[in-house]
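Single-letter residue listing:
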Amino acid sequence: MSSPEVKCRVCKQERERYDEIDGASGVLPVFHDSTQEPGKYYYGVRVATGSQKGAGTKDTAVYITLIGDKASSGKVGISSWLKALKGSCKRRTFDNLIVESDDDLGQVLVVGIGNEKKWFAGSEAPWYVDFVMVHNFQSSQNEEFPVYHWIGDGDYVTCTAHTTTLKDVSNNPILVQQREAQIAQQRQGYSWLKFPDLGMPSGFDDGGKNGHKANIPADEEFERVKLLDFTGNALKAAAAVGIKTKFTTLDSLHAYEKLATTMRTPEVKLYELNRWATDVEFGRQMLNGVNPVVIRKISSLPDNFPVTNEMVQGSLHGGTLEQEMEAGRVYLCDLKALDGLPFREGYYAGAPLCLLYVNGNDQLVPIAIQLKQKPGKDNLIFLPTDGYIDWVLAKVYYQSANHQFHQLATHYLSCHAAMEAYGMGTMRNLPDPHPIYKLLRPHFRYTIAINVRARASLLLDGGITDQTFAIGGEGRRELMRRGTTSFNIHLTNIKRDTKERGVDDPKTLPGYYYRDDGLKLWNAMESYVRDIVNDFYKDDAEVKGDSELQMWADDIHTNGFPGYHGAEDGHGFPKQIDSKETLIELCTLIMFTGSAQHSAVNFGQYEINGFVPNCPPGMRRPPPTKRGADYQDLLEILPGKLASFLTISVGSALSQYSPDEIFLGSFPAKRFTEHKVQRYIQQFQKALDDITGDIEKRNKTLDVPYKYLLPSRVTNSITA
């Protein structure tokens, strides 16, 4: 920074555990005047080491700098060999220092925290700092500096006082320089990795290490509890797969039932009483399973789905098919994205269309299924009036295609990849004091770390997905190309999306709890975001004039969502933000995507996919061209042991909550310290409590409760 450097030293240091104190804030200790000498200047400093496991350090090279409007302290060592032996900077510790200076620093505007680069191997793990508080003895002024960063070997992080600010309304050159220096540093650490072949949103460049000892910034990496839990689940899954592959024979549906409890017992036991094979359960999963975003209302049939009134008349209640469509009771699920994809050897998938109907009991049920896109004599339209196994098989073929589309398009592209692009743009362009950084930062926790690992295992050529899905490697790549070409960020704007699909009316489509609960959460988030945006931007002109915000938009538009394979740059994300309303919608969308949307499409995977016949990853025969299948045909068509075991183990690992999970409405990092924003947070938490009460009351009346969007189960970010 530009202040001249003066000589400073620590003249007193004490350590205080805060097991019984709120670690996200604190009151400065009483610094006594008895230590002061004439002609010297004194500053009391409290450094709060985080409470999470692994947060502390015994490193002797950690230091702080105090940068004032008159002078800078230079590096002031916090630790020494003696203090390290005593446990300085331990987890859940306040280190209280008195810093003596030869000259007046003035008002301390910036605090720097660093860890000297060591030349020897085996240096300490990163140190996590929650915040720093500074007491100026000369002015009796206290300032709090939110940090919330990991400080690794050679790292240096700067932070400003608690006030949330915009660069363009700051008239202090020291603060402007701090922001610019932080962004320059962040851009070096967060480089874009683009995927021109797949066309999917760009992500974090881990240096080409494919997840193996990747260069993930410490702020993005799994913390110790998460890493141990993630590794333990992976090892448990690998062991289970190895044992089951060797000793299990899948010669009956009962064998698949036993397999479904390999990792744990699901809350919804689809195998009990053959629930999975019923039309009501199939319809429930189209609305409230892990892929609830495909269904749409139709007023006419697509040309390639020649269902006649005579075919389905027995499934309708009183009217013709045309009349029921006009009444808004007929819906379509179309998985045309899989049409023409190649398959791996010995496996097959359809590109099905499924017609659904809200019956007289207000239940959504399937009434016709065609397994391929092009109509013809060898492409049957299956009906509930067909033989039992024929109809069950038609639903299973649909679910198999649905499984593959869900995992690659709905889950990875629309949630994981999109959130990584949003997170990258945020870290590269918005400094810590920026209100939008503070608003969105909680929703990027662990996302880069989980995505780097996914690209190194699940999505790697020849990896788990290629060994499991019928479409194999080339089919996976092509489906991702197609999914990205049609991808628009507003697919996860539940207000826009449900309206565009014609499924926003509870009167014509009852029982769509993903929609009902999701809209409540969206509205609560939108209200919270609106309060914050209105507080820090008085009008549209301030939004337009925020140069950091405009860089953020441009970077995400151009580099985060590049337009490959004929798609336009941005995929709906604007190059510039010209109004508060646009900013409110974008921030709500990002917040919703990383929390509610991902929770809705992720945490039910073990329930839906764990019983493999319900939603298999591939089929061992092509879609049938004739009726007359029997029970043995069903068993022979279902996937083999390895694909089944991998499906169960991956589904179990991805749908478990980590012990250090942070749920929606929780803000352990107190980035906003303003009292007005704390009120907004409390209002948001109250809204979530009300939503919880509504959902729990409704769920008591349901045969299968819908829990994925309970706020207590909605994670703040994508962590699995």
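Residues numbered from 1 in each chain as written. Predicted model: local features only at pLDDT ≥ 70, side-chain atom pairs only at ≥ 80, totals over all residues. Heavy atoms only, no water.

(A) Representation of unusual backbone geometry within the structure. Residue Asn274 is not a glycine yet carries a positive backbone phi of 55°. Among the secondary structure elements, Asn274 is positioned in the loop between α4 (253–259) and α5 (279–288). Residue Tyr446 is not a glycine yet carries a positive backbone phi of 70°. Note on placement: Tyr446 falls in the loop between α9 (435–440) and α10 (447–456). (Helix = DSSP H or I, 4+ residues; strand = E, 2+ residues; numbered from the N terminus.)

(B) Layout of the packing of α5 against helix α8 (residues 388–429). At a closest axis distance of 12 Å, the pairing of α5 and α8 adopts a crossing angle of 15°. Between α5 and α8, the crossing angle belongs to the class labelled roughly parallel. Our pair here, α5 against α8, has a crossing hand that is left-handed. Across the interface between the two elements, Asp279, Phe282, Gln285 and Met286 of α5 pack against Trp391, Lys395, Tyr398, Gln399 and Asn402 of α8. Class assignment of the residues belonging to the contact of α5 with α8 gives a composition of 4 nonpolar, 3 polar and 2 charged. (Axes fitted to C-alpha atoms, helices over the stretch in contact; angles between N-to-C directions. Parallel < 35°, antiparallel > 145°, perpendicular 65-115°, else oblique. Left-handed = near helix turned anticlockwise from the far one by under 90°. Contact = heavy atoms within 4.5 Å. Nonpolar A, V, L, I, M, F, W, Y, C, P; charged D, E, K, R; others polar.)

(C) Molecular detail of the pattern of salt bridges. Tallied over the entire structure, the rule returns 41 salt bridges. Salt-bridge contacts for Glu221 lead to Arg453; the nearest nitrogen and oxygen are separated by 3.0 Å. Here Arg453 lies in helix α10 and Glu221 lies in the loop between β11 (203–204) and α3 (224–247), a separation of 232 residues in the sequence. Among the residues examined, Glu221 registers a relative accessible area of 23% and is labelled partly exposed. Lys520 is the partner of Asp694 in a salt bridge, and the nearest nitrogen-oxygen pair spans 3.8 Å. Taken together, the positions of Asp694 in helix α21 (residues 675–699) and Lys520 in helix α14 (residues 513–536) put the pair 174 residues apart, joining distant regions of the chain. (Salt bridge = Lys/Arg side-chain N within 4 Å of Asp/Glu carboxyl O. Buried < 20%, exposed > 50% of the residue type's maximum accessible area, 1.4 Å probe, protein only.)

(D) A look at the sheet that holds strand β14 (residues 353–358). Spatial strand order, β12-β13-β14-β15-β16: 5 strands in an open sheet with antiparallel pairing. The sheet is open, and its two edges are formed by β12 (296–297) and β16 (381–382), each paired on a single side. Pairing between strand β13 (residues 330–334) and β14: 5 bridges, direction antiparallel. Bridging across to β14, Leu332 finds its partner in Leu355. The sheet strands contacting α5 are β13, β14 and β15 (364–370), and the helix crosses β15 at an angle near 90°. (Pairing = 2+ DSSP bridges.)

(E) Structural context of the nonpolar core. Membership of the largest hydrophobic core comes to 149 residues, with the highest contact counts inside it found for Tyr422, Ile436, Leu521, Trp552, Phe573 and Leu583. Setting aside its immediate chain neighbours within four residues, Tyr422 contacts Phe444, Ile489, Trp552, Ile556, Phe561, Phe573, Leu589 and Ile590. Counting 28 residues, the second largest nonpolar core, distinct from the first, contains Val45, Val99, Val134 and Phe145. (Core = buried A, V, L, I, M, F, W, Y, C linked by side-chain atoms within 4.5 Å.)

(F) Highlighting the packing of α8 against helix α16 (residues 547–560). One can describe the packing of α8 onto α16 by two numbers: an axis separation of 9 Å at closest approach and a directional angle of 140°. Between α8 and α16, the interaxial angle falls into the category oblique. For the element pair α8 and α16, the recorded crossing hand is right-handed. Contact residues: Ala421, Tyr422, Gly425, Thr426, Arg428 and Asn429 in α8; Glu548, Met551, Trp552, Asp555, Ile556 and Gly560 in α16. Its residues placed into classes, the contact of α8 with α16 shows 5 nonpolar, 4 polar and 3 charged.

(G) Spotlight on the packing of aromatic side chains. Using the criterion set out here, one finds 21 aromatic pairs in the structure. Considering the side-chain rings of Tyr63 and Tyr156, the 6.0 Å spacing of their centres and the 15° angle between planes classify their relative orientation as stacked. Linking Tyr63 in strand β3 (residues 62–68) with Tyr156 in strand β9 (residues 156–160), this pair joins segments that are 93 residues apart in sequence. Take Tyr156: its relative accessible area is 27%, and that puts it in the partly exposed class. Taken together, a centroid distance of 6.0 Å and an interplanar angle of 40° make the contact between Tyr422 and Phe573 tilted. Taken together, the positions of Tyr422 in helix α8 and Phe573 in the loop between α16 and α17 (580–602) put the pair 151 residues apart, joining distant regions of the chain. On the basis of relative accessibility, which here comes to 0%, the residue Tyr422 falls in the buried class. (Phe/Tyr/Trp six-rings, centres within 6.5 Å; stacked < 30°, edge-to-face > 60°.)

(H) Geometry of the side chain of Asn429. Locating Asn429 in the fold gives a position in helix α8. For Asn429, a relative accessible area of 0% puts it in the buried group. When sequence neighbours within four positions are dropped, the list of residues in contact with Asn429 reads Ile183, Arg187, Glu548, Met551, Trp552 and Asp555.

(I) Layout of the confidence of the model for the protein. Averaged over every residue, the pLDDT of the protein is 90; the share at 70 or more is 92%. Confidence drops under pLDDT 50 across residues 81–86; counting only partners more than four residues distant or on other chains, this segment forms 8 contacts. (pLDDT = per-residue confidence, 0-100.)

(J) Structural detail: the state of the cysteines. Enumeration according to the criterion identifies 0 disulfides in this entry. Between Cys587, a free cysteine, and Cys415, which holds the nearest cysteine sulfur, the sulfur-to-sulfur gap is 18 Å. Owing to a relative accessible area of 0%, Cys587 belongs among the buried residues under this scheme. (Disulfide = S-S within 2.5 Å.)

(K) Focus on helix α12 (residues 472–486). With 15 residues, α12 should cover 21 Å at 1.5 Å per step; its first-to-last C-alpha distance of 21 Å lies within 8% of that length. Elements in contact with the buried residues of α12: α8 and α11 (464–468). (Expected span 1.5 Å × (residues − 1).)

(L) The environment of Val330, seen in detail. Structurally, Val330 can be placed in strand β13. Among the residues examined, Val330 registers a relative accessible area of 0% and is labelled buried. Excluding anything up to four places from it in sequence, Val330 contacts Lys297, Ile298, Leu321, Glu324, Met325, Leu355, Leu356 and Tyr357.

(M) Spotlight on the sheet that holds strand β2 (residues 41–49). Strand order in this open sheet of 5 strands is β1-β5-β2-β7-β8, and the pairing throughout is antiparallel. Two strands lie at the open edges of the sheet, namely β1 (8–17) and β8 (141–151), each paired on one side alone. Taking each pair of neighbouring strands and ignoring which way they run, the sheet shows an average axis angle of 20°. Both strand β7 (residues 127–136) and β8 contribute to a ladder of 9 bridges, which runs antiparallel. In the strand pairing of β8, His135 is matched with Asn142.

(N) The environment of Lys686, seen in detail. Inspection of the secondary structure assignment puts Lys686 in helix α21. Since its relative accessible area comes to 47%, Lys686 is described here as partly exposed. Each C-alpha atom, one on Lys686 and one on Gly665, is 9.2 Å from the other, the two residues being 21 residues apart in sequence.

(O) View of the side chain of Ser652. Mapped onto the secondary structure, Ser652 falls in helix α20 (residues 641–654). When sequence neighbours within four positions are dropped, the list of residues in contact with Ser652 reads Met263, Arg264 and Tyr606.

(P) Looking closely at the pairing of β13. Of all 5 residues making up β13, 4 are buried, and the element is well covered by its neighbours. As paired strands, β12 and β13 are joined by 2 bridges and run antiparallel to one another. Among the inter-strand pairings, Arg296 is bridged to a residue of β13, identified as Leu332.

(Q) Structural context of α17. Taking 1.5 Å per residue, 23 residues should reach 33 Å; α17 reaches 31 Å between its end C-alpha atoms and fits that length. For α17, the principal kink sits at Thr593 and spans about 45°. Counting buried positions over the 23 residues of α17 gives 21, a clear majority of the element. (Bend = angle between axes of the 7 residues up to and from the residue.)

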